[in-house]
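# Descriptive structure summary
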Amino acid sequence: MERRLRTNWGSYALLLLALVATSVTCFDRTLGDEVIRLAGSLGEDVADWPTQFHEPSAVSAADVNPFLWMLHHLDEPADRIDTHHYSRLPEAVGAFGGSDQRETATIGGQDRESLESDAETFVDELGSNPDERQPPSSVHRPGLTPPYRPPAASQHPDVETLNDNRRPPFDTSSLFQHHFNTFFNTPLETGFFGAGGLPGFGFFDTHANRPWWKGENVCTEREEKEEDIASSDNEEVSVNGGSNGGSSSSFGFHGFSTFNLNVQSCAEKQHKYVCTSIKNVNGRKRTEKITRQCCHGFGRPRSGPPNAHCQKLDLYSMEETVERLGAKEFISTLKKSGLEATLENDVTLFVVPDNAYTNFAEQMWENNLVAFDPTARAKRAIDFASMTARDMILGHTVNGSYYIEDISNEQLLKTDLPGTNIRINIYPRGPTSSARDQSYTEHPYRYTANCAPLLKLNRVADRGIVHVVDRVLVPARNTLMDIIEARDDMTLMRTFLEMTGLDKMLREQGDDKHFTIFAPNDDAFLKLDKDIRRKLKAGNGCAMNILKNHILDITFCSLAAVNGVKTSTYNMLNEKLEFEYAMVGKTRAPMVVTGDIVETGETIEDEGKKTQRIRINGQATIEESDVIASNGVLHVIDSVLPTESGMPISNTLANHNLTIFKQLLTDAGLEEEFDAMSNRTFFIPTDQAFEQTEAGRYWIRQLKEHPESLRGNSALKEFLEYHVAEPLIKTCALEETSVPTKAGQNVRVNLYTTNPVFTTVMNRATVNCARLVRFDEETCGSVVHEIDKVLDVPKMNLMDALSANPEYSMFQRLVSLTNLTEMLTSPDAGLTVLVPKNDVFLEVDSWYQATLQNQDELERIIRAHILPNVICCTGIVPSEWPFVRTTETISGQQLKLNRNRRPQVQNAGITKCDVVARNGIIHEINDVINVQPQRATDAVGASSGNPFESFGSLARPLPFWFK
């Protein structure tokens, strides 16, 4: 349907002005006057447009949009278009062609600098005032708007007249850009907001948002590396649209079935912008890294805007910078050591404040006193042996300038002292300190050098950078194992590490070798039970787990623990360790945290006085912290950290409140034997499981009434050993199979799913139909799974179980008349038998007697009650359409499984679950399974009334198969 509309461009302009005026109602009356004046001026401009633009025209509803209407007139003949009233952009610049004489690089062999400068010029040209666009050869100065010059009398102020008579290309974007920029960027005389531009709309100024790394005072470094591609299937990814051979495609193929791309990634830091690109050039891998950063002597203010550009810094000499930071003693020692030439190079100094340096000097002096404590002297000799003042200065000096943001966690900085490094670690700040600490905005992380906190960072000098540490850095020449061997209070720790072979790990060195060991002293090990100490000396799995519970594969300095909150990490057993500060009694000189600064405390003489110390899992206290090594750090603790994976099974039973099984183990005299087991899987019934099963209640009565008879009881021993399987199996490795037990008989493991859609995802496990309720509880060299039933040792097969129960005699008679007796006696059958009790058959006695005379019907009925898999009651869950679960009988018929008040199979409810036999299980049901005889035509759906014959099995309920 067409209708006639009058296109009034002035209406759209007035609407735009009204919207802007409404959004800035906070300005004074002058602003409203300016809106009215510009609206009237724009209305007069529209009146001068050609008459065909004012005349009504027949357009569709979709052409109401004026921009769509303009597009509809693009193909009109040139004689109908007045070129005076079309504007266009100036000739394209840079990579876009035009009369610009600048050399433009191709995409195939592109130069990053030329492309970026071209793009900048193009953006600058678009951002300029459309009324004063310069010719392509002119240079536009970013951030400056040309002075306004009124148009000639014969020229419309919003129109650029073409010098030639050629029809210009119509560009709707340039038309919008022209009027938009005229509206917001005109100068003071005619501008909507004057010279200041639109308040709060700074994003229209493309130069204000220019990245800092494209601004002034930025130095660029380029690194290139080229190497052969190792293999033909090397893959590279292109983000930048790079191509090979000048092709416009970003994908290149070299050789048969080889897919090559180019990769480029950029990362921005506080003072640095790094772009790395990887390209495939003639079959070689070229890596190019371009780093843009503030030139030396310039920097970006941390408290400034996010896009703050590089500004000139007031730099001092290295000597004066160090003195201003309060490290005059350090620089004085440097001069006395004859190392003044070091300050003339580009270096990074880790300087020590005067008070900390004085404490170090006093300690060195005390170390030479004859009357000094020999024990403490021996320990300090490890740290400062043969250390001179010159060595100390060299151990704090690193060649090159290193901003702290450029250093990664665990990075080793090689010092001028041969054979020593400084290890940098990064830790998060605590939530409470972050809120009140003003330095958080400057550095959101805490940094350490050889576990010494960094107090001041990134102090730039005329040559190099200075960081301030809170104490003298101990030269880390020895490994963790070397330190343990040299200490007199860690003889037991050394022995246990050697017995387990962990000493080799603690001797490893390298950039990727970093450990933390919380080493119990000899007094701590003497607190342990003698049996646990015996296991540690034996070096078995228990000892390995106990020691690994004290080792981390990261460097964890004491600074990582934050006062007032819990700090957690994971050890080599993947078990959590929690650290928090607590008030404890007198110990060795502690490391006291004040805010985010760690300071060395004084030895406390008063026994009643307490101090704040780091506690681990609330069980051990760090007595001596931050003993730095070349491959990590050592902390001395006063207690051994317990772990269930290092404790014997008797301890695990007690910790998990499995009291009845543990009492049976103790009364039977088997506790020590079970504790010595390794590589086992324990299926332990809960106390509730004992109370809910007949076999469990029997052993509870024996504990109460005849505990003396349990010692050496063979039946009890068999019962307990039937709950121990070999080998160690965690839930992730469980599969449907029979597992041998220590008692000599197997237990059957079954897996089920409760998910109606993802029926292949098994999320429920049973052992002899006892469900695993808690699992994967580690003990010494073994694993514990808690179950909801006791495992009674089965004595009979399925056929014997039917014969032994008089309630099943009528069903057993039917089975004996068929040829299925051998199946039910097979030791590896793994069947589920659905057995109606005698009273069910008595209700249909006439049918029962008739069935006895019909051999074919008799066998069909019995086969409908036998399933080829073990389906425990816990594996039968509610199922409704369309997610109907079915299982198959041994004759191939489908039986529906469901659960309401009780588990159901087809039309029968299960009244007694999981009677376990050696070769399967029995479910007692309250009805005879009713299954229609299977016809040959059912296989293809013919003559069955199936409306989905072409879909085959999809027309049936969704099957649920058990392995």
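Each chain has its residues counted from 1, running along the sequence as written. With pLDDT at 70 or above as the cut-off, local features in this predicted model cover only qualifying residues; side-chain atom pairs require 80 or more to be listed or tallied, and sums for whole chains, interfaces and linings still use all residues. The basis for every side-chain value is the complete set of heavy atoms in the structure, and neither hydrogens nor water enter the calculation.

Here the focus is the overall build of the protein chain. Strands are runs of DSSP state E lasting at least 2 residues, helices are runs of H or I lasting at least 4, and numbering of each runs from the N terminus. Looking only at helices and strands, the protein chain features 29 helices and 40 strands. Burial analysis of the protein chain (963 residues in total) assigns 44% to the buried set. We call a residue buried when its accessible area falls under 20% of the maximum for its residue type, exposed when it is over 50%, and partly exposed in between, using a 1.4 Å probe and counting protein chains only.

This brings us to the sheet that holds strand β35 (residues 866-867). In short, DSSP must find at least two bridges between two strands for them to pair. Reading across from one edge, β35-β34-β40-β39-β38-β37-β36 is the order of the seven strands in this open sheet, with mixed pairing throughout. Only two strands of the sheet have a single partner each, and these edge strands are β35 and β36 (885-888). Both β36 and strand β37 (residues 894-899) contribute to a ladder of four bridges, which runs antiparallel. Opposite Arg885, over in β37, you have Leu897 as the bridge partner.

Take the sheet that holds strand β16 (residues 452-460) next. Spatially, the seven strands line up as an open sheet ordered β12-β11-β17-β16-β15-β14-β13, and their pairing is mixed. Strands with a single pairing partner mark the edges of an open sheet, and in this sheet they are β12 (397-399) and β13 (411-414). Between one strand axis and the next, the sheet turns by 30° as a mean value, whatever way the strands run. In terms of strand pairing, strand β11 (residues 347-351) meets strand β17 (residues 465-469) through four bridges, oriented parallel. Paired with Thr348 across the bridge in β17 is Ile465. Axis definition: a line fitted to C-alpha atoms, limited for helices to the stretch in contact. Angles are taken between N-to-C directions and run from 0 to 180 degrees.

Side chains of Glu807, Asp839, Glu843 and Asp927 sit close together on the surface and give a patch of like negative charge. Tracing the sequence through the fold places Glu843 in helix α27 (residues 838-843). Patch definition: residues with relative accessible area over 30% and no salt bridge; like charges joined within 9 Å; nonpolar side chains (Val, Leu, Ile, Met, Phe, Trp, Tyr) joined within 5 Å. The protein chains shown are the only cover counted for residues, whose accessible areas, like all others here, come from Shrake-Rupley with a 1.4 Å probe. When a carboxyl oxygen of Asp or Glu lies within 4 Å of a side-chain nitrogen of Lys or Arg, that pair is called a salt bridge. This count recognises Lys and Arg as positive and Asp and Glu as negative, with His and chain-terminal groups excluded. Positions of charges follow a simple convention, taking NZ of Lys, CZ of Arg, CG of Asp or CD of Glu.

With that settled, consider the pattern of salt bridges. Considering all chains together, one arrives at 27 salt bridges under this definition. For Arg284, the salt bridge is made with Glu226, and the minimal N-O distance between the two is 2.7 Å. Of this pair, Arg284 sits in strand β8 (residues 284-294) while Glu226 sits in strand β3 (residues 218-228), and the two are 58 residues apart along the sequence. A relative accessible area of 28% means that Arg284 is categorised as partly exposed. By relative accessible area, Glu226 is classed as partly exposed at 39%. Notably, a salt bridge pairs Glu624 with Arg487, separated by 2.9 Å at the nearest N-O pair.

Attention shifts here to a nonpolar patch on the surface. A cluster of nonpolar residues, Val757, Phe758, Val761 and Phe883, forms a patch on the protein surface that exposes about 370 Å² of accessible area. Residue placement: Val757 occurs in the loop between β30 (746-752) and β31 (764-767).

What follows is about the environment of Leu339. Summarising the element assignment, Leu339 is placed in the loop between α7 (328-336) and β11. Taking the C-alpha atoms as reference, Leu339 lies 8.5 Å from Ile393; in sequence the two are 54 residues apart.

Here we take up the packing of aromatic side chains. Between 30 and 60 degrees the pair is tilted, below 30 it is stacked and above 60 it is edge-to-face, where a pair is any two Phe, Tyr or Trp rings, Trp via its six-membered ring, whose centres lie within 6.5 Å. Summed over the entire model, instances satisfying the criterion amount to 11 aromatic pairs. Ring centres 6.2 Å apart and planes at 40° place the aromatic pair Phe674 and Phe682 in the tilted group. One exposure class covers both Phe674 and Phe682, and it is buried. Look at Phe690 and Phe719: their rings are 6.3 Å apart centre to centre, the planes differ by 65°, and that puts the pair in the edge-to-face class. Here Phe690, found in helix α21 (residues 687-692), pairs with Phe719, found in helix α23 (residues 714-721); they are 29 residues apart in sequence, far enough to count as distant. Its relative accessible area of 3% is what places Phe719 among the buried residues. Every member of this aromatic cluster is reached through a ring pair, and the members are Phe690, Tyr698, Trp699 and Phe719. Of note, Lys312 hangs over the ring of Phe298, and the distance from its end group to the ring centre comes to 5.5 Å. Charge over a ring is defined by NZ of Lys or CZ of Arg lying within 6 Å of the ring centre and within 35 degrees of the ring normal.

Turning next to the side chain of Arg885. Here Arg885 is to be found in strand β36. Buried and unpaired, Arg885 has Glu880 as its nearest opposite-charge partner, separated by 10 Å.

If you check which residues of helix α19 (residues 659-667) are buried, you get Ile660, Phe661, Leu664, Leu665 and Asp667. In this analysis, two residues are considered to be in contact whenever any of their non-hydrogen atoms come within 4.5 Å of each other. Its buried side turned inward, α19 meets α18 (649-655), α20 (671-675), β27 (681-685), α21, α22 (694-705) and α23. Two residues or fewer past α19, Gly669 is found with a positive phi of approximately 75°.

Time to look at helix α16 (residues 530-538). Every buried residue of α16 is listed here: Ile532, Lys535 and Leu536. Considered in projection along α16, the buried side chains sweep an arc of 100° and stay on one side of the axis. Turned more than 90 degrees away from the buried face of α16 sit Lys530 and Ala538, all of them exposed. The arc in question is the one spanned by the directions pointing from the helix axis to the C-beta atoms.

Throughout, a disulfide means two cysteine sulfur atoms within 2.5 Å of one another. All told, the structure shown has seven disulfides when counted by the stated rule. The disulfide bridge from Cys294 ends at Cys310, spanning 2.0 Å between sulfur atoms. Its S-S torsion of approximately -80° makes the covalent link between Cys294 and Cys310 left-handed. Placement of the pair is Cys294 in strand β8 and Cys310 in the loop between β9 (298-299) and β10 (311-312), with a sequence separation of 16 residues. With relative accessibility at 11%, the residue Cys294 sits in the buried group. Given the relative accessible area of 6%, Cys310 is considered buried.

Once that is clear, we can look at the environment of Asp482. Considering the arrangement of structural elements, one finds Asp482 in helix α12 (residues 480-486). Any pair of N or O atoms that falls within 3.5 Å is considered a polar contact. Within protein, one atom must be able to donate a hydrogen and the other to accept it, and sequence-neighbouring residues count only if both atoms are side-chain atoms. There is a polar contact of 3.0 Å between the side chain of Asp482 and the side chain of Thr479.

So, about the side chain of Gln893. Considering the arrangement of structural elements, one finds Gln893 in the loop between β36 and β37. A polar contact is formed between the side chain of Gln893 and the side chain of Ser891, at a distance of 3.2 Å.

A word on the confidence of the model for the protein chain. When pLDDT is averaged along the protein chain, the result is 74, and 65% of the positions lie at 70 or above. Across residues 231-259 the pLDDT falls below 50, and counting only partners more than four positions away or on other chains, this stretch makes 50 contacts in the model. The predictor attaches a confidence to each residue, and that confidence, scored 0 to 100, is pLDDT. Contacts for the low-pLDDT stretch residues 369-382, under 50 throughout, to residues beyond four places or in other chains number 17 contacts.

Burial within strand β25 (residues 620-629) is extensive, with nine of its 10 residues counted as buried. Where strand β24 (residues 611-616) meets β25, two bridges bridge the pair, whose relative direction is antiparallel. Across the sheet, the residue bridging to Ile616 is Ala620, located in β25. Taken together, β24 and the strand that follows it, β25, pair antiparallel across an intervening segment of three residues, in which Asn617 is found at a positive phi of about 55°. Across five bridges, the pairing between β25 and strand β26 (residues 632-637) is antiparallel.

For the rest of this paragraph, the subject is unusual backbone geometry. For the bond running from Glu726 to Pro727, omega is 10°, close enough to zero to count as cis. The residue Pro727 is located in the loop between β28 (724-725) and β29 (737-740) in this model. Between Trp881 and Pro882 the backbone carries a cis peptide bond, its omega angle lying at 10°. Its place among the elements puts Pro882 in the loop between β35 and β36. In this structure, Asn450 takes a positive phi of about 50° despite not being glycine. In this fold, Asn450 is placed in the loop between β15 (445-449) and β16. Classification of Asn450 by relative accessible area gives buried; the value is 9%. Of note, Asn768 is a non-glycine position whose phi angle comes to about 50°, a positive value. You can see Asn768 is positioned in the loop between β31 and β32 (770-779).

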